[in-house]
Amino acid sequence: MRFAPLVLVLAALSACNLQPMYAGGSNGAVARGLAEVEVPAIPGRGGWLVRNALNDRLSETGAAAVNPRYRLDVRLDDELEGLGLINDDTISRERRTLRARYQLVDVASGEILVDATAGSDAGIDVVSSEFATIAAEQKALENLAQQVADRIVTRLALELREDG
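Definitions and cut-offs
Residues numbered from 1 in each chain as written. Predicted model: local features only at pLDDT ≥ 70, side-chain atom pairs only at ≥ 80, totals over all residues. Heavy atoms only, no water. Helix = DSSP H or I, 4+ residues; strand = E, 2+ residues; numbered from the N terminus. Expected span 1.5 Å × (residues − 1). Buried < 20%, exposed > 50% of the residue type's maximum accessible area, 1.4 Å probe, protein only. Salt bridge = Lys/Arg side-chain N within 4 Å of Asp/Glu carboxyl O. Polar contact = N/O pair within 3.5 Å; in protein donor to acceptor, adjacent residues only side chain to side chain. Contact = heavy atoms within 4.5 Å. Core = buried A, V, L, I, M, F, W, Y, C linked by side-chain atoms within 4.5 Å.

**Student:** Looking at this model, I keep getting lost on helix α3 (residues 44-58). Mind explaining?
**Tutor:** Given 3.6 residues to a turn, an α-helix orients residues that are three or four positions apart in the same direction. Look at α3: 21 Å from first C-alpha to last across 15 residues, which is about the 21 Å you get at 1.5 Å a residue. G46, G47, L49, V50, A53, L54, N55 and L58 are the residues of α3 that are buried.

Below, the structure is given as structure tokens:
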């Protein structure tokens, strides 16, 4: 009797055509499509971090595509702005924002398959130690690069799933 609701839920899910994104594992359409994406160099430290994170997610080996079918063009906007001011006009809080405008291009035809943006931001406490503040800013950039790469790859996987 306890399993009756579970059976009803599973029946409802099967009726709505719900399918796993990465069906077929590394041989599935999405995984194969992602492995065929080349990511050209992106300028700056943030670009280097985002490109490495993308390559790690696009291929099981983390290596660049050998025979790319797609090219992922990425332009970054990395902004660091001071927010909170204390009595002596010193900044006490910063916000780092990393935004990416990206296009997935079919290499053979030059057609743009995806034209979108992804971004994330992080708050940083400014402390009396300049070294600690700089370290926090750099760590925020590293974390933001990972988050932006995750969002880009998720969007690409959705596109490649629809095409596959």
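**Student:** What's the story with the pattern of salt bridges in this structure? I'm lost.
**Tutor:** Pairs can form between side chains of opposite charge whenever their charged atoms are close. A full pass over the atoms with the stated rule returns 9 salt bridges. Across the pair R96 and D78 runs a salt bridge, and its minimum N-O distance is 2.8 Å. Within this pair, whereas R96 is found in strand β3 (residues 93-106), its partner D78 is found in strand β2 (residues 70-82), the two being separated by 18 residues in sequence. Given the relative accessible area of 35%, D78 is considered partly exposed. Through salt bridges with shared partners, one network takes in R45, K139 and E142.

**Student:** What exactly am I supposed to notice about the side chain of S120 here?
**Tutor:** Along the chain, S120 turns up in strand β4 (residues 112-125). For S120, a relative accessible area of 7% corresponds to the buried category. Separated by 2.5 Å, the side chains of S120 and Q147 make a polar contact. Beyond its immediate stretch of four places on either side in the chain, S120 contacts R96, T97, L98, R99, L144, Q147, V148 and R151.

**Student:** In this structure, what is going on with the nonpolar core? I would like to understand it.
**Tutor:** Judged by nonpolar contacts, the single largest core of 33 residues is most densely connected at L34, L54, L58, L72, Y102, I152 and L156. Per-element tally for this core: the top contributor is helix α4 (residues 130-163), with 11 residues. Discounting residues that sit within four places of it in the chain, I152 has contacts with L54, L72, A100, Y102 and A118.

**Student:** When you look at the environment of R96 in this model, what are you seeing that I'm missing?
**Tutor:** Since its relative accessible area comes to 8%, R96 is described here as buried. With 42 residues separating them along the chain, R96 and Q138 place their C-alpha atoms 9.7 Å apart. Residues within four places of R96 in sequence aside, it is in contact with D78, E79, L80, S120, D121, A122, I124, E137, Q138, A140, L141 and L144. Of the polar contacts made by the side chain of R96, one reaches the backbone oxygen of E137; its length is 2.9 Å.

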